[in-house]
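Each chain, letter by letter, is given below.
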2 protein chains.
Amino acid sequence: MSIRIGILGYGNLGRGVECAIMQNPDMELVAVFTRRSPETVSIYTKTAAVCHVDELESWKDKIDVMILCGGSATDLPVQTPETVKLFNVVDSFDTHARIPEHFAAVDANAKQSGKVGIISVGWDPGMFSLMRMLSGAVLPEGKDYTFWGKGVSQGHSDAIRRIEGVKNAKQYTIPVDEALDRVRSGENPDLTTREKHIRECFVVAEDGADLEKIENEIKTMPNYFADYDTTVHFISEEELMRDHSGIPHGGFVIRSGKTGLNKENSHIIEYRLKLDSNPEFTSSVIVAYARAAYRLASEGVSGAKTVFDIAPCYLSEKSSEELRKTLL
Amino acid sequence: MSIRIGILGYGNLGRGVECAIMQNPDMELVAVFTRRSPETVSIYTKTAAVCHVDELESWKDKIDVMILCGGSATDLPVQTPETVKLFNVVDSFDTHARIPEHFAAVDANAKQSGKVGIISVGWDPGMFSLMRMLSGAVLPEGKDYTFWGKGVSQGHSDAIRRIEGVKNAKQYTIPVDEALDRVRSGENPDLTTREKHIRECFVVAEDGADLEKIENEIKTMPNYFADYDTTVHFISEEELMRDHSGIPHGGFVIRSGKTGLNKENSHIIEYRLKLDSNPEFTSSVIVAYARAAYRLASEGVSGAKTVFDIAPCYLSEKSSEELRKTLL
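Residues numbered from 1 in each chain as written. Chains lettered and ligands numbered in written order. Predicted model: local features only at pLDDT ≥ 70, side-chain atom pairs only at ≥ 80, totals over all residues. Heavy atoms only, no water.

**Some remarks on the overall build of chain A**
Step number 1: Counting secondary structure elements, chain A contains 11 helices and 14 strands.
Step number 2: Relative to its length of 328 residues, chain A is compact, with a C-alpha radius of gyration of 22 Å against a globular reference of 20 Å.
Step number 3: By its C-alpha atoms, chain A is 65 × 60 × 35 Å across when sized along the principal axes.
Step number 4: Considering chain A as a whole, with its 328 residues, one finds that 58% of them fall into the buried category.
Step number 5: The contacts of chain A with a sequence gap of at least 6 include a subset with a gap of at least 24, amounting to 68%.
Step number 6: Accessible surface computed for chain A: about 13,500 Å², of which carbon and sulfur atoms make up 47%.
Step number 7: Computed over 37 positive and 48 negative side-chain charges, the separation of the two mean positions in chain A equals 4 Å. (Helix = DSSP H or I, 4+ residues; strand = E, 2+ residues; numbered from the N terminus. Rg over C-alpha atoms; globule rule 2.2 N^0.38 Å. Buried < 20%, exposed > 50% of the residue type's maximum accessible area, 1.4 Å probe, protein only. Contact = heavy atoms within 4.5 Å. Areas by Shrake-Rupley, 256 points an atom, 1.4 Å probe, with all protein chains shown as cover. Lys, Arg positive; Asp, Glu negative; His and termini not counted. Charge placed at Lys NZ, Arg CZ, Asp CG, Glu CD.)

As structure tokens, then:
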């Protein structure tokens, strides 16, 4: 019998989850829940229902794992603790600073309902967190570096769009090659914000807008751009659609450590992601952890979990025997 | 109270384990066991005993985890199942094809003694296995690539040393850059043995040896060299000692996968190790898993385990709360 999955929230991430489920033969999408009128939402999976979010409770016994595809700012802090009262859940909560309180809220409700809630799944937080943790455990004397990009930052693109005279914009975060090379050399440099990443902006201005003023407003924007070397390109709406409509992302987690009686030997552990589609890769990670949520729940486990708490074999469709034989 | 560690076998790996323990404040080396006369073995840790391997049983209650540092050919197939009758153990058994039978032998004895036996820990098998498994679970439609090097292969160096007229030799396995680039491009190539790695040999010949004959014997040696592009350099013993005395290694695990409704998006997951000292890095991984063996045993778990079975948080000295707060 396949693992019955529900999706709550059907944007980029929800669609990515739907596609990822199709690649996993042990899973089946049963229903998508939306705040919109269900008849206005069209999904790929012919066999799945589209329901209003108000109907969640009636699906209690028909869904094994609910995947929460809302945003971290306002949706998930409410949705995850609420939904775990009814279902095993996985979310991609990514406000790093608020993870402890989110974990506590989900854990309390999950323990009460006897469900599993895996939070902060994706690539950062998610696979990148796992790599930081594993590499640090293996090389306790060392230093961690995380670089993001080349990729589109939605937050920074939105910030540009809010500037007067800007019609549309796309912002790429790009790691600085020299910084990467210094880290890979084992030199363990202290790097400033400006030394690690550059920001490249593609901006469509309104007709007659003051381009110089826009460029200056971007480059001096506190938190978002002021601490970086930023380049701004003004392009047409057509160029933006043609050349910048993708949502690529990725990055690097590097640990540089020393071993030996006198720390005479250097080691570099580097994990790199190069992703054509940020939401689709995030979805693929989430779906693997949905399998883990199902299995843990089947074993009677309950409570909040993160990528740190889950034995890797729970993520794979393969049996432990097959994993040992083919991948160890 | 710290985790009390024993080391069985004191060669390169055993010494690496001893150094790694010094970097982990929650662990303490209690005793080293050797087949040699203990008085001939000098270790770094002043507070630890050096004992003959025959004394193992008398340490039953004084050691939490025994780390087995013997070889995979003849030592570990016997030592691991035997030792797990007395102690929680970790080994680095690396004969990939014989892992299922080794697992079964360790599992049977470990379940009977109530101990934990973690097998095949290191970087390959070990961290590389973990990456193959995780990446495959996240991107089920894709292809795995493992490249080794640049690094010293002991097996290949030994094979050269057995040739008549060879006094000493060091062999480097080197991944082919073009192959790596093709994999990273998402092209998913089928690569032959020859296309993936080259082999570079540094050979010290006996006085008056037939160099042409040696070179030919190396290059045509079945299994070891015949399927590769191999270069042979004859150098002096002094040059070998000066330039090739290290034991560097490393490599790449790359998964290239597709997502999307029509598999229109490509993703590359790349894990790279660049290691100054192969045995010291292997030791560092083993020591992190020794912590996991201790914790699992404290929870009442018993039986054989591999890197696939162990939740990452068990490897870290940090509490789960701290991990979530600082690394997620």
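**Re the environment of A:Asn12**
Residue and element names in this part refer to chain A.
Step number 1: Structurally, Asn12 is set in helix α1 (residues 12-22).
Step number 2: Given a relative accessible area of 43%, Asn12 falls into the partly exposed group.
Step number 3: Leaving out residues up to four positions away in the same chain, Asn12 has contacts with Ile247 and Pro279.
Step number 4: Looking at Asn12, its side chain comes within polar contact range of the side chain of Arg15, at 3.2 Å. (Polar contact = N/O pair within 3.5 Å; in protein donor to acceptor, adjacent residues only side chain to side chain.)

**Structural notes on the environment of A:Gly14**
Residues and elements named next belong to chain A.
Step number 1: Among the secondary structure elements, Gly14 is positioned in helix α1.
Step number 2: Counting along the chain gives 113 residues from Gly14 to Met127, while the straight-line C-alpha distance between them is 19 Å.
Step number 3: Sequence-distant contacts of Gly14, that is, excluding residues within four places in its chain, are made with Ile7, Gly9 and Cys69.

**Notes on the interface of chain B and chain A**
Step number 1: At the junction of the two partners, chain B supplies 66 residues and chain A supplies 66 residues.
Step number 2: Of the roughly 5,800 Å² buried at the junction of chain B and chain A (both faces included), carbon and sulfur atoms supply 65%.
Step number 3: One can count 0 salt bridges joining chain B with chain A.
Step number 4: Put simply, chain B and chain A have 26 residue pairs in polar contact (both at pLDDT 80 or more) between them.
Step number 5: Elements with a minimum of two residues in the side of chain B that touches chain A: α1 (12-22), α3 (99-113), α4 (127-138), β12 (249-259), β13 (265-275), α10 (278-298) and α11 (320-326) of chain B.
Step number 6: No other element matches β13(B), which puts 11 residues into the side of chain B that touches chain A.
Step number 7: A breakdown of the residues in the side of chain B that touches chain A according to their chemical character gives 35 nonpolar, 15 polar and 16 charged.
Step number 8: Note that strand β13 (residues 265-275) of chain A and β13(B) share 9 bridges and pair antiparallel. Bridging from a neighbouring strand, A:Lys274 pairs with B:Ile268 of β13(B). (Buried area = accessible area lost by both parts, 1.4 Å probe. Salt bridge = Lys/Arg side-chain N within 4 Å of Asp/Glu carboxyl O. Nonpolar A, V, L, I, M, F, W, Y, C, P; charged D, E, K, R; others polar. Pairing = 2+ DSSP bridges.)

**Here's the deal with the relation of the copies chain B and chain A**
Step number 1: Least-squares fitting of chain B to chain A yields an RMSD of 0.0 Å, with the transformation described by 0.0 Å of translation along the axis and a rotation of 180°. Both copies are brought into coincidence by an operation consistent with a two-fold rotation axis. No C-alpha of chain B approaches the rotation axis more nearly than that of B:Ala311, which lies at 1.9 Å.
Step number 2: Both copies contact each other with a shared surface, as 100% of the interface residues of chain B are interface residues in chain A too. (Least-squares fit on C-alpha atoms with pLDDT ≥ 70 in both.)

**Concerning the confidence of the model for chain A**
Step number 1: Summing up the model confidence of chain A, the mean pLDDT is 97 and the portion of residues at 70 or higher is 100%.
Step number 2: For this predicted complex, the interface confidence reaches an ipTM of 0.96, while the overall pTM sits at 0.96. (pLDDT = per-residue confidence, 0-100.)

**Here we look at the sheet that holds strand β8 (residues 151-152) of chain A**
Residue and element names in this part refer to chain A.
Step number 1: Taken in spatial order, the 4 strands make up an open sheet running β8-β9-β10-β11, and their pairing is mixed. On the outer flanks of this sheet lie β8 and β11 (229-234), each paired with one strand and no other.
Step number 2: Bridge count between β8 and strand β9 (residues 166-175): 2 bridges; the pairing is antiparallel. Within β9, the residue paired with Val152 across the bridge is Tyr172.
Step number 3: Packing of helix α5 (residues 154-161) onto the sheet brings it into contact with β8, β9 and β10 (197-205), and relative to β9 it is tilted by some 145°. (Axes fitted to C-alpha atoms, helices over the stretch in contact; angles between N-to-C directions.)

**Side note on the state of the cysteines**
In protein structure, a disulfide is the covalent linkage between the sulfur atoms of two cysteines.
Step number 1: The final tally for this structure, using the stated rule, is 0 disulfides over all chains.
Step number 2: With no disulfide of its own, A:Cys69 lies 12 Å from the sulfur of A:Cys19, the closest cysteine sulfur. (Disulfide = S-S within 2.5 Å.)

**Brief notes about the side chain of B:Asn278**
Residue and element names in this part refer to chain B.
Step number 1: Locating Asn278 in the fold gives a position in helix α10.
Step number 2: Overall, the relative accessible area of 18% leaves Asn278 in the buried class.
Step number 3: Side chain to side chain, Asn278 and Trp123 meet in a polar contact 2.9 Å long.
Step number 4: With residues up to four places along the chain from it excluded, the contact list for Asn278 reads Trp123, Ile247 and His249.

**Observations regarding the sheet that holds strand β2 (residues 27-34) of chain B**
Residue and element names in this part refer to chain B.
Step number 1: Strand order across the open sheet formed by 7 strands is β3-β2-β1-β4-β5-β6-β14, with parallel pairing between neighbours. Looking at which strands have only one partner, the edges of the open sheet turn out to be β3 (49-52) and β14 (303-305). Each strand of the sheet is rotated relative to its neighbour by a mean of 25°, with strand direction disregarded.
Step number 2: Pairing between strand β4 (residues 65-68) and strand β5 (residues 88-90): 3 bridges, direction parallel. Opposite Ile67, over in β5, you have Val90 as the bridge partner.
Step number 3: Docked against the sheet, helix α2 (residues 75-83) engages β1 (3-8), β4 and β5, running at close to 175° with respect to β4.

**Concerning unusual backbone geometry**
Residue and element names in this part refer to chain B.
Step number 1: For the bond from Asp124 to Pro125, the omega torsion is 5°, close enough to zero to count as cis.
Step number 2: With respect to the element layout, Pro125 can be found in the loop between β6 (116-118) and α4.
Step number 3: Residue Gly149 is joined to Lys150 through a cis peptide bond whose omega torsion reads 0°.
Step number 4: Tracing the sequence through the fold places Lys150 in the loop between β7 (142-148) and β8 (151-152).

**Considerations on the pairing of β13(B)**
All names here are of chain B.
Step number 1: When you tally the buried positions in β13, you get 9 out of 11 residues, the bulk of the element.
Step number 2: Here β12 runs beside β13; their pairing, made up of 11 bridges, is antiparallel. In the sheet register, Phe252 faces β13, and the bridge partner there is Arg272.
Step number 3: Between β12 and β13, which pair antiparallel one after the other, the connecting turn spans 5 residues, and Gly260 there sits at a positive phi close to 105°.

**Structural notes on α2(B)**
Step number 1: Regarding α2(B), the residues found buried are B:Asp75, B:Leu76, B:Gln79, B:Thr80, B:Pro81 and B:Thr83.
Step number 2: Each element contacted by the buried residues of α2(B) is listed here: β1, β4, β5 and α3 of chain B.

**Concerning the environment of A:Lys150**
All names here are of chain A.
Step number 1: Look at Lys150 and you get partly exposed, because its relative accessible area is 48%.
Step number 2: Along the chain, Lys150 and Tyr172 lie 22 residues apart, while their C-alpha atoms are 6.4 Å from each other.
Step number 3: Once you skip the residues sitting within four places of it in the chain, Lys150 turns out to touch Tyr172, Thr173, Ile174, Pro175, Glu200, Pro248, His249 and Gly250.

**With respect to the packing of aromatic side chains**
Residue and element names in this part refer to chain A.
Step number 1: Counted under the stated rule, the structure contains 8 aromatic pairs over all chains.
Step number 2: On the basis of an interplanar angle of 85° and a centroid distance of 5.9 Å, the ring pair of Phe33 and Trp59 is categorised as edge-to-face. In this pair, Phe33 is assigned in strand β2 (residues 27-34) and Trp59 in the loop between β3 (49-52) and β4 (65-68), connecting sequence segments 26 residues apart.
Step number 3: Judged by centre distance (5.7 Å) and plane angle (85°), the ring pair of Tyr172 and Phe202 falls under edge-to-face. Residue Tyr172 is located in strand β9, and its partner Phe202 is located in strand β10; the two are separated by 30 residues in the primary sequence. Exposure class is identical for Tyr172 and Phe202. Each is buried.
Step number 4: Aromatic ring contacts, followed pair by pair, group Trp123, Phe128 and Tyr271 into a single cluster.
Step number 5: Sitting over the face of the ring of Tyr10, Arg15 holds its NZ or CZ atom 5.7 Å from the ring centroid. (Phe/Tyr/Trp six-rings, centres within 6.5 Å; stacked < 30°, edge-to-face > 60°. Lys NZ or Arg CZ within 6 Å of the ring centre and 35° of its normal.)

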